[in-house]
Amino acid sequence: MRLVVDAVPRSSPGLQKLADEFTVALDKRAPQGAEAIILRHDPPEPPKPLTSTRIVPVDQPVAGVLKKWRWNSRDFVRMGRELNADVVFTMSGIVARQIAKSFGVVTTVNNMAPFMSPTSVSRSRFSKTWWRNWLLRKAYLDSVSRADRVVLHSAHAFNMISRFHGKLGEKTDIVLTGIPSDIAGQQLSPHPLDGTLYFLYFATIHPYKNHARLIDAYRLASQSQPDLPQLLFAGFPQDRMQLGEIEAKIENAKLTEKVKYIGTLDRDSISGWLHHAVANIYGSECETKTKTLAKVLGYGGVMACSGEPPMPEVAGSAAALFDPFSVESIATVLLRLHGDPQHREELRKLATSRARELSWEKCADVMWQAADQARTTFDKRRRGNSK
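This one's a predicted model, so the numbers in the text were calculated from it and none came from an experiment.

(A) Highlighting the packing of aromatic side chains. Tallied over the full model, the rule gives 5 aromatic pairs. On the basis of an interplanar angle of 50° and a centroid distance of 6.2 Å, the ring pair of F22 and W360 is categorised as tilted. Here W360 lies in helix 15 (residues 360-386) and F22 lies in helix 1 (residues 13-28), a separation of 338 residues in the sequence. Judged on exposure class, the residue F22 and its partner W360 are both buried. Aromatic side chains Y201 and F233 sit 6.2 Å apart centroid to centroid with 65° between the ring planes, which places their arrangement in the edge-to-face category. Of the two residues, Y201 is situated in strand 8 (residues 198-202) and F233 in strand 9 (residues 230-234); the sequence distance between them amounts to 32 residues. Taking the relative accessible area as the measure of exposure, Y201 reaches 0% and is therefore buried. In this structure F233 comes out as buried when scored by relative accessible area, which is 0%. By way of ring pairs, the aromatic residues F22, F89 and W360 are connected into one cluster.

Right under this line is the structure:
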């Protein structure tokens, strides 16, 4: 069997890293006689020697939906035939309906925003307008309907999409994405503040990330515990208007000495920031992906996170949960973690244990299984069409 994987991140280092991890895992777990061909427009030097996998550079992302990234589906079908593909995995889910006549198709849905409630959608970075999400949802549902197998990365994603596609369970596999392989053996960077205690919220700046309630919760907790460690926000300011509102709220609350936005973190220092924090706060109201949670687990950090899915699904028992819509609930967790070092150590141990359960090799096993089933289904479809 030959599996062609559309894994062509545009320029994000994070997405490139995910594609690298997936490539190595697919190669390591390839069944006997199987081959994976990874389409990349940013082909890296393979991190490890590949035996059952090869990387094919392409000029443009096959799955892109922006005009400047769009490929003609006939070009993709032509490339698939030139590569003798049996099954195609497309990470966007948009092109599945266009190629299902030519190959077995495995798809996924990475952008959950079109399936969220209207309130959540309006606060998501993926939705600028209602009609855009309606169109995206229609395209995703069409591709999911036409795909032979669907691989989703949380039960939360499955539940949301199932509200619109009742037969999804008949052809869906669910597997959580893995912890980056280099985290396990990586030496932690030093304490970034020379031993000074701090809470950390490491996330891009968006309204749905819930910074405002966290500031209110910190102010409430400080009233009963004045020596509470400082609260630091870090992450790329994707929404600069929101960043301005956050900074204004900090100033109006007279917390400028205790609550600060420190910008983006240097990549080499992230492990130290996440590991040494009194607690990593992840207060998002809704999420599509939770890569940061996985990093915190991998670095043995103390995690306090929103109880909204899929955060609890990823963290398991390795996080103190709170209601992201309740200032009092967030404040209670801040006070408990600050005042209970033993509980923090328990969470560190649980984080390390949970990290071992999140494996890219499991993802690869599920993908190969889905590809085999997709090939069987495609063969049945092709025989049916020939009658």
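(B) Fine view of helix 6 (residues 155-162). Along helix 6, the residues that are buried comprise H156, A157, M160 and I161. Buried residues of helix 6, viewed axially, fall in a sector of 125°; they line one side.

(C) Fine view of the sheet that holds strand 9. Spatial strand order, 10-9-8-11-12-13: 6 strands in an open sheet with parallel pairing. Both edges of this open sheet fall to strand 10 (259-261) and strand 13 (319-322), since each of them pairs with a single strand only. Along the sheet, successive strands turn relative to each other by an average axial angle of 25°, direction set aside. Summarising the sheet, strand 12 (residues 303-306) and strand 13 pair through 4 bridges and their orientation is parallel. Following the sheet pairing, C305 is matched in strand 13 by L321. Here helix 8 (residues 211-224) sits on the sheet in contact with strand 8, strand 9, strand 10 and strand 11 (279-282), set at roughly 170° to strand 9.

(D) Region of interest: the nonpolar core. Core analysis: the biggest nonpolar cluster contains 61 residues, and F199, L200 and F233 have the highest contact counts within it. Among the elements that line this core, the one with the most residues is helix 13 (residues 327-339), at 6 residues. Once you skip the residues sitting within four places of it in the chain, F199 turns out to touch Y218, L228, P229, Q230, L231, L232, V278, A279, I281, L334 and H338. Counting residues in each nonpolar core, the second largest holds 33 residues, with M79, A100, V105 and I161 among its members.

(E) Local environment of unusual backbone geometry. The residue after P309, namely P310, is reached through a cis peptide bond having omega 10°. Checked against the element boundaries, P310 lands in the loop between strand 12 and helix 12 (311-315). One non-glycine residue, D194, lies in positive phi territory at about 55°. Checked against the element boundaries, D194 lands in the loop between helix 7 (181-184) and strand 8. Overall, the relative accessible area of 74% leaves D194 in the exposed class. Although it is not a glycine, K254 adopts a positive phi angle of roughly 55°. Secondary-structure assignment places K254 in the loop between helix 9 (240-252) and strand 10.

(F) Structural context of the pairing of strand 1 (residues 2-6). Of all 5 residues that make up strand 1, 4 are buried, and the element is covered over most of its length. Note: strand 1 against strand 2 (residues 35-40), 5 bridges, orientation parallel. Paired with L3 across the strands is A36, a residue of strand 2. Bridge count for strand 1 against strand 4 (residues 87-90) is 4 bridges, and the pairing is parallel. Bridge assignment links D6 to a residue of strand 4, and that residue is T90.

(G) Inspection of the environment of F158 at higher detail. Along the chain, F158 turns up in helix 6. For the pair F158 and L168, spaced 10 residues apart in sequence, the C-alpha separation works out to 7.9 Å. Those residues in contact with F158 that sit more than four places away from it in its chain are L152, L168, G169, T172 and I174.

(H) Seen up close, the packing of helix 8 against helix 9. Direction vectors running N to C along helix 8 and helix 9 enclose 15°, while the axes themselves pass 10 Å from each other. Overall, the two elements helix 8 and helix 9 adopt an arrangement that is roughly parallel. Of the two possible hands of crossing, helix 8 and helix 9 adopt the one that is right-handed. In contact with H211, A212, I215 and D216 of helix 8, helix 9 contributes I246, K249 and I250. Tallied by class, the residues present in the contact of helix 8 with helix 9 amount to 4 nonpolar, 1 polar and 2 charged.

Rules and cut-offs
- Residues numbered from 1 in each chain as written.
- Predicted model: local features only at pLDDT ≥ 70, side-chain atom pairs only at ≥ 80, totals over all residues.
- Heavy atoms only, no water.
- Phe/Tyr/Trp six-rings, centres within 6.5 Å; stacked < 30°, edge-to-face > 60°.
- Helix = DSSP H or I, 4+ residues; strand = E, 2+ residues; numbered from the N terminus.
- Buried < 20%, exposed > 50% of the residue type's maximum accessible area, 1.4 Å probe, protein only.
- Arc of directions from axis to C-beta.
- Pairing = 2+ DSSP bridges.
- Axes fitted to C-alpha atoms, helices over the stretch in contact; angles between N-to-C directions.
- Contact = heavy atoms within 4.5 Å.
- Core = buried A, V, L, I, M, F, W, Y, C linked by side-chain atoms within 4.5 Å.
- Parallel < 35°, antiparallel > 145°, perpendicular 65-115°, else oblique.
- Left-handed = near helix turned anticlockwise from the far one by under 90°.
- Nonpolar A, V, L, I, M, F, W, Y, C, P; charged D, E, K, R; others polar.

Remember, this is a structural readout, not a statement about activity or role.
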